[in-house]
Amino acid sequence: MAMSLQFAPVARLLLVLLCANSLLVALFDLGPALALPPTRAQPYRAVTHALFLPDSPSLLLALLILVQTAPPLERRLSSRHLAALLLLLAPLGPVALAAACVYTHALLVPPAYSYSLGIVTLTPHAPTWVLAVLGVLGAVLYRSPLPASPAQALSPPAPARVPAPSPSPAPTTSSMREWVTQLTPATPGVRAPPEEEITQVTTMFPDLPREAVVGALQRSTNVTAAVDTLLSGS
């Protein structure tokens, strides 16, 4: 009758709530928002961390432990006393709750028989203690990072990728003209007109060749004088 949930409503409710809460937290990825430690902005973490288990191995082992310990405790202590004990231990979390049930079960529920494995004498409480130890070790291993394999440790690091140089933009006609103008030495008495003036005068005289516009600007001090020169020449 130790594995039966008969006459143990509090134990049944505990198992159902623990399973349902852990499933909902994992399904909606609420663990980081409900786990310890509590903060000033989130004080509810001190309570919500005790309502679920963060991973499936811990949940499985906790359920196995509680199924073996909680119903016998409830039948021996009564549902009211077990509920009070669970509420007292709930702030410590489900792992501490399961460990407390194991210890209390070993103290209050006497073993019905004992058996020997060689020179070791065991009781029915032994599998529960083994599950408790495996639960602690499994939780530690589940949360610890995996060590690097020997092949990964001996493999050389991957070379850093050097970004390819971006291609320089192709020079345009205006930039080439400005570059040639900058490289051409200035003739004494001849002004080197900027490209803006050449474009402005070319727009005003679209029928004239560029060489005529540039020559007029070189012989003039400004755009107005160059326009007068072109008008008088035409």
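Residues numbered from 1 in each chain as written. Predicted model: local features only at pLDDT ≥ 70, side-chain atom pairs only at ≥ 80, totals over all residues. Heavy atoms only, no water.

Before going further, it helps to spend a moment on the side chain of Ser22. By secondary structure assignment, the location of Ser22 is in helix α1 (residues 9-28). A polar side-chain atom of Ser22 sits 2.8 Å from the main-chain carbonyl oxygen of Leu18. Sequence-distant contacts of Ser22, that is, excluding residues within four places in its chain, are made with Phe52, Leu53 and Leu59. (Helix = DSSP H or I, 4+ residues; strand = E, 2+ residues; numbered from the N terminus. Polar contact = N/O pair within 3.5 Å; in protein donor to acceptor, adjacent residues only side chain to side chain. Contact = heavy atoms within 4.5 Å.)

Okay, the pattern of salt bridges next. The final tally for this structure, using the stated rule, is one salt bridge. The salt bridge partner of Glu195 is Arg210, with a shortest N-O separation of 3.2 Å. Taken together, the residues span a long stretch of sequence, with Glu195 in helix α10 (residues 195-204) and Arg210 in helix α11 (residues 210-219) at a distance of 15 residues. Here Glu195 falls in the buried class, since its relative accessible area comes to 15%. The class for Arg210 is partly exposed, based on a relative accessible area of 27%. (Salt bridge = Lys/Arg side-chain N within 4 Å of Asp/Glu carboxyl O. Buried < 20%, exposed > 50% of the residue type's maximum accessible area, 1.4 Å probe, protein only.)

In the numbering adopted here, UniProt assigns the feature "transmembrane region" (unreviewed entry) to residues 51-70, 82-106 and 126-142. With 75% helix and 0% strand, the stretch residues 51-70 has end C-alpha atoms that lie 17 Å from each other. Secondary structure across residues 82-106 divides into 84% helix and 0% strand, with the first and last C-alpha atoms of the span separated by 15 Å. (UniProt positions renumbered as here; feature names shortened; annotations may be inferred.)

Glancing now at the nonpolar core. Within soluble globular proteins, side chains that are nonpolar generally end up buried alongside one another. Ranked by internal contacts, the top residues of the largest apolar core, which has 22 residues, are Leu18, Leu66 and Leu86. Counting only elements with at least two residues in this core, the list comes to α1, α4 (56-77), α5 (79-89) and α6 (94-108). Considering every element that reaches this core, the biggest residue donor is α4, with seven residues. Beyond its immediate stretch of four places on either side in the chain, Leu18 contacts Leu51, Phe52, Leu53, Leu59, Leu63, Leu66 and Pro94. (Core = buried A, V, L, I, M, F, W, Y, C linked by side-chain atoms within 4.5 Å.)

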